[in-house]
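One-letter residues, chain by chain:
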2 protein chains.
Amino acid sequence: MTKQRELILSIVRGSDAHLSAEEIYLAAREQMPTIALATVYNSLKYLSDNGIISRLTFADQPDRYDKMLVPHDHMVCSACGAIRDIRIEGIDQFLHDHAGENIDSYDLTLHHLCPKCRASAANI
Amino acid sequence: MTKQRELILSIVRGSDAHLSAEEIYLAAREQMPTIALATVYNSLKYLSDNGIISRLTFADQPDRYDKMLVPHDHMVCSACGAIRDIRIEGIDQFLHDHAGENIDSYDLTLHHLCPKCRASAANI
DNA sequence: TTTAGAATTGGAATAATTCTAAATATATTA
DNA sequence: TAATATATTTAGAATTATTCCAATTCTAAA
């Protein structure tokens, strides 16, 4: 692992947000001002391809990166795009039992209005 | 509904593939050669925002559009990106029971290697 | 049948990401 | 250790998907 990849890994691991490449780039530059955006993309690709971090794809947002934890799912606000980790207990088993064939992995995203957006929607 | 939107809707409804905007544009031009790509995007936005068709977002692919059918899920090949409709029986109920709060909708994508890619991976 | 609002067109603009080629670093071998 | 091969980084150009914009055209309503 190069210094750059170590840095990027530590940024992803050190945050609970679901950071985008751009956000990671900004954070990385504070500690290594000469790092290139392409290196951030390269490293994120390397890290996620090797299962060290995970990459998340949502509609209308750039891809985001997450540390590898216990498997979990995501809840996204349809209005502001805020992302929250959630855990649907038993989903893995459920999918394996019901999919009818081999699954390597899955992505589950639930959509709702977050409390803030629900409140402002009510005022319109 | 304008002629353009009617045409785009009929293309989406007439296909079992999960078409991208570009593919829909190419199909649309055969019947209406002057249609603009921007109109295709506009119309797809209008149709999906109004729940007439649905928009699908997958990693490493442009967004795709699908006719509205019974709720269903997707199986994507990690190698070639091929998309197949699947139905996980009882998933709606399961999510409602286990999510612990109100869900407006959900996206579930399962990842695997399709038979073709599994075969060629075995030959490497 | 004017008039307002909405939609379409074509091209420019933007955002996210990948590619490229040169330079640098790292690892491997003699 | 020196020489060489391999991998990574850098900076900027290129690409892809999508949105924006201004001018025009259509549609619908008064």
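Residues numbered from 1 in each chain as written. Chains lettered and ligands numbered in written order. Predicted model: local features only at pLDDT ≥ 70, side-chain atom pairs only at ≥ 80, totals over all residues. Heavy atoms only, no water.

Describing helix H4 (residues 91-98) of chain A
Convention followed: The classification of residues rests on relative accessible area computed with a 1.4 Å probe and restricted to protein chains. Under 20% of the type maximum is buried, over 50% is exposed, and intermediate values are partly exposed. Put simply, DSSP marks the helices as runs of H or I at least four residues long and the strands as runs of E at least two long, and each gets a number from the N terminus on. When we speak of the arc, we mean the arc of directions from the helix axis to the C-beta atoms. Contacts between residues were defined by any pair of non-hydrogen atoms, one from each residue, lying within 4.5 Å.
The set of residues buried in H4(A) consists of A:Ile91, A:Phe94 and A:Leu95. The arc enclosing the buried residues of H4(A), seen along the axis, measures out at 95°, which places them on a common side. Exposed positions of H4(A) whose direction lies more than 90 degrees from the buried face are A:Gln93, A:His96 and A:Asp97. Those residues of H4(A) that are buried are in contact with strand S4 (73-77) and strand S6 (105-112) of chain A together with helix H4 (91-98) and strand S6 (105-112) of chain B.

Remarks on the packing of aromatic side chains
The geometry of two aromatic rings is summed up by the distance between their centres and the angle between their planes. We count it as follows: Any two of the Phe, Tyr and Trp rings considered here, Trp counted by its six-membered ring, make a pair once their centres fall within 6.5 Å; the pair's planes then place it as stacked at under 30 degrees, edge-to-face at over 60, or tilted in between. Working rule: Lys NZ or Arg CZ, within 6 Å of ring centre, within 35 degrees of ring normal, means a charge sits over the ring.
On inspection of all chains with the given rule, the structure shows one aromatic pair over all chains. Here A:Arg5 stacks its cationic end above the ring of A:Tyr46, 4.0 Å away from the centre of that ring.

Observations regarding the protein's contact with DNA strand D
Our working definition: By convention in these notes, a residue is near a molecule or strand provided one of its non-hydrogen atoms lies within 4 Å of it. N or O atoms closer than or at 3.5 Å make up a polar contact, with two conditions inside protein: a donor-capable atom paired with an acceptor-capable one, and, for residues adjacent in sequence, both atoms drawn from side chains. Under the convention adopted here, Pro, Cys and the residues Ala, Val, Leu, Ile, Met, Phe, Trp and Tyr are nonpolar, Asp, Glu, Lys and Arg are charged, and Gly plus all remaining residues are polar.
Looking at DNA strand D, there are 15 residues lining it, with A:Thr2, A:Gln4, A:Arg5, A:Thr39 and B:Tyr41 nearest. Protein-adjacent atoms of DNA strand D, using a 4 Å cutoff, are sugar or phosphate at a proportion of 80%. Within the side chain of A:Gln4, an N or O atom sits 3.0 Å from a sugar or linking oxygen of DNA strand D. In this structure, a phosphate oxygen belonging to DNA strand D sits 3.1 Å away from a main-chain N or O atom of B:Asp63. Secondary-structure elements contributing two or more residues to the surface near DNA strand D are helix H1 (3-13) and helix H3 (37-49) of chain A together with helix H3 (37-49) of chain B. Of the residues contributing to the surface near DNA strand D, the split by class is seven nonpolar, five polar and three charged.

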